[in-house]
Amino acid sequence: MTARTDVEAVEQANTAFYETLERGDFDELSELWLSATDAGDTSISCVHPGWPVLSGRGEVLRSYALIMANTEYIQFFLTDVKVVILTDTALVTCTENILSGGPAQESGELGPLVGQLVVATNVFRRTPEGWKLWSHHGSPVLAETGDDEGSED
């Protein structure tokens with residue numbers, strides 16, 4: 001494989017991760033993560049914004065099952081995507097511009113939409129089946145309040 005093809009394959013794996021979350025397809029999401037066989041002695045890990053570190057396939061996938069079960073609508077717009085590959089490990093950094101919908105209201109309509117910015121690092125490992133997620137870490141971006149504008153020191 002050429003270096004460019006590897007970068008494209010990692011970009012596709014990263015995009016598949018977010019598209020699968022948007023669809024709420026837990027089975028497909030499970031297939032995107034390293035299996036116990038692929039991981040060898042290393043365990044997968046995940047940090048959702050505001051959560052503690054989750055380690056191990058069961059704990060990580062359980063967290064996504066909970067998120068999917070409690071999220072009516074979610075959409076990711078990725079920006080600032082950067083891919084770095086070193087042999088069989090790939091690092092992807094990006095900004096997740098997230099739009100999510102609250103629980104349905106009495107009328108059956110989707111609740112209010114909420115936007116959030118999260119910076120993320122996704123680590124992938126090359127396997128015989130392609131690039132698989134090894135680790136995901138998301139940290140919230142604090143919004144600027146604008147309180148400092150026009151203030152004099």
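Look above for the structure.
Residues numbered from 1 in each chain as written. Predicted model: local features only at pLDDT ≥ 70, side-chain atom pairs only at ≥ 80, totals over all residues. Heavy atoms only, no water.

**Topic: the packing of aromatic side chains**
Then, in step 1: Tallied over the full model, the rule gives five aromatic pairs.
Then, in step 2: With a centroid separation of 4.9 Å and 65° between ring planes, the pair formed by Phe17 and Tyr18 is classed as edge-to-face.
Then, in step 3: Overall, the relative accessible area of 3% leaves Tyr18 in the buried class.
Then, in step 4: Geometrically, the ring pair formed by Phe17 and Tyr64 is edge-to-face, given 6.0 Å between the ring centres and 80° between the ring planes. (Phe/Tyr/Trp six-rings, centres within 6.5 Å; stacked < 30°, edge-to-face > 60°. Buried < 20%, exposed > 50% of the residue type's maximum accessible area, 1.4 Å probe, protein only.)

**Details of the pairing of strand β5 (residues 113-127)**
Then, in step 1: Both strand β4 (residues 89-101) and β5 contribute to a ladder of 13 bridges, which runs antiparallel. Bridge pairing links Leu99 to Gly115 in β5.
Then, in step 2: Across ten bridges, β5 lies against strand β6 (residues 130-140) in antiparallel orientation. Directly across from Val123, in β6, lies its bridge partner Ser135.
Then, in step 3: Turn length for the β5-β6 hairpin, with the two strands adjacent in sequence and antiparallel, is two residues. (Pairing = 2+ DSSP bridges. Helix = DSSP H or I, 4+ residues; strand = E, 2+ residues; numbered from the N terminus.)

**Considerations on the pairing of β4**
Then, in step 1: Note: strand β3 (residues 73-86) against β4, twelve bridges, orientation antiparallel. Following the sheet pairing, Val84 is matched in β4 by Leu91.
Then, in step 2: Counting the residues in the hairpin turn of β3 and β4 gives two residues, including Thr87, whose phi is positive at 50°.

**Topic: the pattern of salt bridges**
Then, in step 1: Going through the model one piece at a time under the given rule, you end up with three salt bridges.
Then, in step 2: Arg23 is the salt-bridge partner of Glu28, the closest N and O atoms lying 2.9 Å from each other.
Then, in step 3: Of the charged contacts, one joins Asp88 and Arg126 as a salt bridge, the two residues approaching to 2.7 Å between their closest N and O atoms. In this pair, Asp88 is assigned in the loop between β3 and β4 and Arg126 in strand β5, connecting sequence segments 38 residues apart.
Then, in step 4: Relative accessible area serves as the criterion here: at 42%, Asp88 is assigned to the partly exposed category.
Then, in step 5: Overall, Arg126 belongs to the partly exposed group, its relative accessible area being 29%.
Then, in step 6: Put simply, Asp6, Asp88 and Arg126 are held in one network by salt bridges that share partners. (Salt bridge = Lys/Arg side-chain N within 4 Å of Asp/Glu carboxyl O.)

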